[in-house]
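# Structural overview
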Amino acid sequence: MSPVTCISGIDTDIGKTIATGLMAKILLSQGCSVVTQKIAQTGCTGIAEDIQKHRELMGVALYPEDISGLTCPYVFSKPCSPHLAAELEDTQIDLEKITVATKTLAASYEHVLLEGAGGLMVPLTRDMTFLDYLQEQHYPMILVSSPRLGSINHTLSALELAKRRGIEVKGIIYNCYASCDDTICLDSRNVFVSSLRKYGFSPTVVDMNSLESYRDSGPYMDCLRWFSL
Ligand SMILES: Nc1ncnc2c1ncn2[C@@H]1O[C@H](COP(=O)(O)OP(=O)(O)OP(=O)(O)O)[C@@H](O)[C@H]1O
Ligand SMILES: C[C@H](N)[C@H](N)CCCCCC(=O)O
Ligand SMILES: [Mg+2]
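Residues numbered from 1 in each chain as written. Chains lettered and ligands numbered in written order. Predicted model: local features only at pLDDT ≥ 70, side-chain atom pairs only at ≥ 80, totals over all residues. Heavy atoms only, no water.

Membership of the largest hydrophobic core comes to 66 residues, with the highest contact counts inside it found for Met23, Met141, Ile173 and Leu211. At six residues, helix H1 (residues 16–29) tops the list of elements feeding residues into this core. Beyond its immediate chain neighbours, meaning those up to four positions away, Ile173 contacts Ala19, Met23, Ile142, Leu143, Val144, Ser145, Val206, Met208, Leu211 and Phe227. (Core = buried A, V, L, I, M, F, W, Y, C linked by side-chain atoms within 4.5 Å. Buried < 20%, exposed > 50% of the residue type's maximum accessible area, 1.4 Å probe, protein only. Helix = DSSP H or I, 4+ residues; strand = E, 2+ residues; numbered from the N terminus. Contact = heavy atoms within 4.5 Å.)

This is how it looks when you write it as structure tokens:
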């Protein structure tokens, strides 16, 4: 089983960082060795802000691999798509560098949770989207979604794309952080369960607040089992 699982989402600001950090915290509490990685960070300088948020949620200090940049080889200052942020700094993302970084991490940790940037179809270069990269690397993914209006379209589009590209979706993390209509929230969840099943994926939809409220409360809260990590 691949030690690498991608945490992608239906959009930017959907809750990927929160989900990644909480998943890593749960895996740590279950005695697993786990590291998170960010495919490329835009909108900051120095150590990737998402990596720092992961460590904060995990309740741990920065890893040596964070200081060395291995957990996020590319950090760009303009908050925009990685392909453009790189060009504005007169460079281009070298996917091989990211792949080597992930492989190096996977040699030292049981689990590598790789957070995407924005949504699935975000360009890492002018020729390769994050989805292309996932397909090339055969990484399975967990998709972060929400009940906010527009999410049904974005979520089912992501599932259709994953199916067509042969990318395994291990489940959905359902982020109800932003307030929404209860009827819509419940129905969208049901739509996602049935759509996962229709596409032949595991019909696993885990509420973000289940991750947030996780205590070491026995097997039923087993993050490993939810997503068969
Ligand atoms: N469940 C949640 N609890 C608390 N804050 C949340 C939650 N979900 C999202 N947020 C807040 O919403 C904002 C966006 O969340 P987050 O950074 O996880 O998005 P993202 O999908 O990782 O975005 P990006 O594409 O930039 O990586 C953050 O300020 C975060 O604190
Ligand atoms: C800056 C932001 N927080 C993300 N890191 C990058 C989002 C890129 C989105 C590109 C797009 O879909 O238009
Ligand atoms: Mg993030």
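Right, let's get into the UniProt feature "active site" (unreviewed entry) in the chain. Here the UniProt feature "active site" (unreviewed entry) sits at Lys38. Checked against the element boundaries, Lys38 lands in strand S2 (residues 34–38). For Lys38, the contacting residues outside a window of four places in its chain are Asp50, Ile51, Thr71, Cys72, Pro73, Leu114, Glu115, Gly116 and Ala117. In this structure the side chain of Lys38 is engaged in a polar contact, spanning 2.7 Å, whose partner is the side chain of Asp50. (UniProt positions renumbered as here; feature names shortened; annotations may be inferred. Polar contact = N/O pair within 3.5 Å; in protein donor to acceptor, adjacent residues only side chain to side chain.)

Neighbouring ligand 2 are Thr12, Thr42, Pro79, Cys80, Ser81 and Val122. One of the side-chain N or O atoms of Thr42 is found 3.4 Å from a nitrogen atom in ligand 2. Taken by itself ligand 2 offers 390 Å² of open surface, and the protein chains cover 61% of this. The residue inventory of the shell around ligand 2, partitioned by class, reads three nonpolar, three polar and no charged. (Near = heavy atom within 4 Å. Areas by Shrake-Rupley, 256 points an atom, 1.4 Å probe, with all protein chains shown as cover. Nonpolar A, V, L, I, M, F, W, Y, C, P; charged D, E, K, R; others polar.)

Donor atoms from the polypeptide that coordinate the magnesium ion (ligand 3) comprise Thr17 (OG1), Asp50 (OD) and Glu115 (OE), at 2.0 to 2.2 Å from the metal. Counting residues between consecutive donors of the magnesium ion (ligand 3) along the chain gives the motif T-x32-D-x64-E. Here Asp50 lies in helix H2 (residues 49–58) and Thr17 lies in helix H1, a separation of 33 residues in the sequence. Pair check on accessibility: Thr17 and Asp50 agree, each one buried. (Donors = N, O, S within 2.8 Å, 3.2 Å for Na, K, Ca; no water.)

The next thing to look at is the packing of helix H7 (residues 151–165) against helix H8 (residues 182–198). In contact at an axis separation of 11 Å, H7 and H8 are set at 10° when each is read in the N-to-C sense. Between H7 and H8, the angle falls in the class roughly parallel. Listed contacts from H8 to Ser151, Ile152, Thr155, Leu156 and Leu159 of H7 are Ser188, Val191, Phe192, Ser195 and Leu196. The residue inventory of the contact of H7 with H8, partitioned by class, reads six nonpolar, four polar and no charged. (Axes fitted to C-alpha atoms, helices over the stretch in contact; angles between N-to-C directions. Parallel < 35°, antiparallel > 145°, perpendicular 65-115°, else oblique.)

For the coordinates displayed, the defined rule picks out five aromatic pairs. Plain terms: the ring middles of Tyr74 and Phe76 are 5.9 Å apart, the flat faces sit at 20° to each other, and that makes the pair stacked. For Tyr74, a relative accessible area of 9% corresponds to the buried category. Summarising the aromatic geometry, the rings of Tyr133 and Tyr139 are spaced 6.2 Å apart at their centres and angled 80° between planes, so their arrangement reads as edge-to-face. (Phe/Tyr/Trp six-rings, centres within 6.5 Å; stacked < 30°, edge-to-face > 60°.)

Time to look at the site of ligand 1. Near ligand 1, the surroundings consist of 15 residues, among which Thr12, Lys16, Thr17, Lys38 and Asn175 are the closest. Between an oxygen atom of ligand 1 and a main-chain N or O atom of Asp13, the distance comes to 3.0 Å. For ligand 1, an oxygen atom lies 3.2 Å from a polar atom in the backbone of Ile18. With three residues, the top contributor of residues to the shell around ligand 1 is H1.

What follows is about H1. Taking 1.5 Å per residue, 14 residues should reach 20 Å; H1 reaches 20 Å between its end C-alpha atoms and fits that length. The element H1 is extensively covered by neighbouring structure, given that ten of its 14 residues are classed as buried. Listed as buried for H1 are Lys16, Thr17, Ala19, Thr20, Gly21, Leu22, Met23, Ala24, Ile26 and Leu27. Looking at the residues trailing H1, positive phi occurs at Gly31, about 85°. (Expected span 1.5 Å × (residues − 1).)

This paragraph deals with H2. Every buried residue of H2 is listed here: Asp50, Ile51, His54, Arg55 and Met58. Summarising the axial view, the buried residues of H2 lie within an arc of 140°, below the 170-degree limit, and thus occupy one face. Within two residues after H2, Gly59 carries a phi angle of roughly 75°, on the positive side. (Arc of directions from axis to C-beta.)

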